Amino acid sequence: MPTIIDGKAISTQIKDELKEQVAKMKEQGITLCLAVIQVGADPASCVYVRNKKKACEYIGIESLSYELPEETTQEELLGIIKELNSRKDVNGILVQLPLPKGLDEEKILDAIDPLKDVDGFHPMNVGNLSIGRKGFVSCTPAGVIQLLKRSGIEIEGKECVVVGRSNIVGKPMSMLLLRENGTVTTAHSRTKNLKEVTKRADILVAAVGKPRMITADYVKEGAVVIDVGIHRNEDNKLCGDVDYESVAPKCQAITPVPGGVGPMTIAMLMKNCVESYSLQNQ
Ligand code: GUN
């Protein structure tokens, strides 16, 4: 039977470590504050934003909440970001995605001070990651690395295949695995003979965005399978990009959905918030 990687437990462990760290910082008179901006009321975004604020509260990070109407203009949003960039008491700025149509996501993310970009989406942080410099790393892929490390799974020298090449997950995931000395292949929707490629993987990360696409015939016996997907199936139950029932029996270790990668994203956001202080004061 495979090891089932418990993302909920690992994320709680990380949050508890951070809570302690934040308490120590408070003793030195240091407080942390995250600004969370949401435009419109996308239901999934509302849940994510609520959970982010709850995590801040748990750890002892202050949160500033901007719940802006759907009709917010580009100029208004850029104005708020500019103000938050200049505020000494704000350490992190997060603009919840997706943004309503009419707002230029690229311009808005570019406007966030890279030293406050706790999502790690700014080109400066993406560039820093690719050349091995300090900076913020996108939370979901950073969470995957923590899951592997804290489960005692070695990355160095392993064949790692990432399926998906999004800016938020796939690309930074590949960069991080490379940084950990994995031998990395990034596969995607145009990859020929995808199954042959994924079957080489010792560590397979599925970030395709298609419910249960990765079935047993994509997976090598004894592989570690990390499922970044989150979907609702026909019975309204949560499922991932991996067909868990057929894949799990072949694996050395696997993440479930829910309770695998999901809870790690917010834990890593909190870690970025805590680390923002030293990045801003070096
Ligand atoms: N929307 C979906 N995932 C994310 C995330 O990690 N950060 C932000 N800001 N928006 C998201």
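Residues numbered from 1 in each chain as written. Predicted model: local features only at pLDDT ≥ 70, side-chain atom pairs only at ≥ 80, totals over all residues. Heavy atoms only, no water.

Enquirer: Sorry if this is basic, but what is going on with the site of the ligand here?
Expert: Around the ligand sit Lys52, Leu94, Val95, Gln96, Leu97, Asp119 and Phe121, and that is every residue in its neighbourhood. Between a nitrogen atom of the ligand and a side-chain N or O atom of Gln96, the distance comes to 3.3 Å. At 2.6 Å, a side-chain N or O of Asp119 approaches a nitrogen atom of the ligand. For the ligand, the protein covers 80% of the area, taking 280 Å² as the surface of the free molecule. Within the shell around the ligand, the residues separate by chemical class into four nonpolar, one polar and two charged. (Near = heavy atom within 4 Å. Polar contact = N/O pair within 3.5 Å; in protein donor to acceptor, adjacent residues only side chain to side chain. Areas by Shrake-Rupley, 256 points an atom, 1.4 Å probe, with all protein chains shown as cover. Nonpolar A, V, L, I, M, F, W, Y, C, P; charged D, E, K, R; others polar.)

Enquirer: Teacher, can you tell me more about the nonpolar core here?
Expert: A general trend in soluble globular proteins is that nonpolar side chains are found buried together. Residues Leu34, Ile61, Leu148, Leu177 and Met270 are the most contacted members of the largest nonpolar core, which totals 51 residues. Sort the elements by how many residues they give to this core and helix 10 (residues 262-280) lands first, with nine residues. Here Met270 is in contact with Leu18, Leu34, Lys52, Ala55, Cys56, Ile59 and Ile61, once residues within four sequence places are set aside. If you look at the next biggest cluster of nonpolar residues, it comprises 20 residues, including Leu68, Leu77, Leu103 and Ile108. (Core = buried A, V, L, I, M, F, W, Y, C linked by side-chain atoms within 4.5 Å. Buried < 20%, exposed > 50% of the residue type's maximum accessible area, 1.4 Å probe, protein only. Helix = DSSP H or I, 4+ residues; strand = E, 2+ residues; numbered from the N terminus. Contact = heavy atoms within 4.5 Å.)

Enquirer: When you look at the sheet that holds strand 8 (residues 224-227) in this model, what are you seeing that I'm missing?
Expert: Two modes of strand pairing occur in sheets, parallel and antiparallel, and in both the strands are linked by backbone hydrogen bonds. Strand order in the open sheet formed by six strands is 1-11-8-7-5-6, with parallel pairing between adjacent strands. A strand with exactly one partner marks an edge of an open sheet, and here the two such strands are strand 1 (3-4) and strand 6 (183-187). In this sheet, strand 11 (residues 253-254) lies alongside strand 8 in parallel orientation, the contact comprising two bridges. Note on strand 11: the bridge partner recorded for Val225 is Ile254. Across the sheet, helix 7 (residues 170-179) touches strand 5 (159-163), strand 6 and strand 7 (203-206), and the angle it forms with strand 5 is around 170 degrees. (Pairing = 2+ DSSP bridges. Axes fitted to C-alpha atoms, helices over the stretch in contact; angles between N-to-C directions.)

Enquirer: Got a minute to help me understand the packing of aromatic side chains in this structure?
Expert: Both the distance between ring centres and the angle between the ring planes are used here to describe each pair of aromatic rings. This structure, assessed with the given rule, holds zero aromatic pairs. Its end group placed over the ring of Tyr58, Lys19 keeps NZ or CZ at 4.2 Å from the ring centre. (Phe/Tyr/Trp six-rings, centres within 6.5 Å; stacked < 30°, edge-to-face > 60°. Lys NZ or Arg CZ within 6 Å of the ring centre and 35° of its normal.)

Enquirer: For this particular structure, what's the right way to read the pairing of strand 6?
Expert: Successive residues of a regular strand alternate their side chains across the two faces of the sheet. Here strand 5 pairs with strand 6 via five bridges, running parallel. When the sheet's bridge partners are listed, Glu159 is paired in strand 6 with Thr183. Between strand 5 and its parallel partner strand 6, the chain crosses via helix 7, and the hand of that crossover is right-handed. (Right-handed = clockwise from strand over helix to strand, strands pointing away.)

Enquirer: It is not clear to me how a nonpolar patch on the surface should be interpreted in this structure. Could you clarify?
Expert: Where nonpolar side chains cluster on the molecular surface, the patch consists of Tyr48, Ile230 and Leu238 and spans about 260 Å² of accessible area. Its place among the elements puts Leu238 in strand 10 (residues 238-239). (Patch = residues over 30% accessible without salt bridge, like charges linked within 9 Å, V, L, I, M, F, W, Y side chains within 5 Å. Salt bridge = Lys/Arg side-chain N within 4 Å of Asp/Glu carboxyl O.)

Enquirer: Any chance you could explain the sheet that holds strand 3 (residues 62-68) here in plain terms?
Expert: A sheet is described by the order of its strands in space; here three strands give the open sequence 3-2-4, paired in parallel fashion. Taken across any chain shown, the strands that pair with only one partner, and hence form the sheet edges, are strand 3 and strand 4 (92-95). Adjacent strand axes in the sheet meet at a mean angle of 15 degrees when their direction is disregarded. When strand 2 (residues 33-39) meets strand 3, the two strands line up parallel, connected through seven bridges. Note on strand 3: the bridge partner recorded for Leu34 is Ser63. Taken strand by strand, helix 2 (residues 43-59) contacts strand 2, strand 3 and strand 4, and its axis lies near 170 degrees from that of strand 2.

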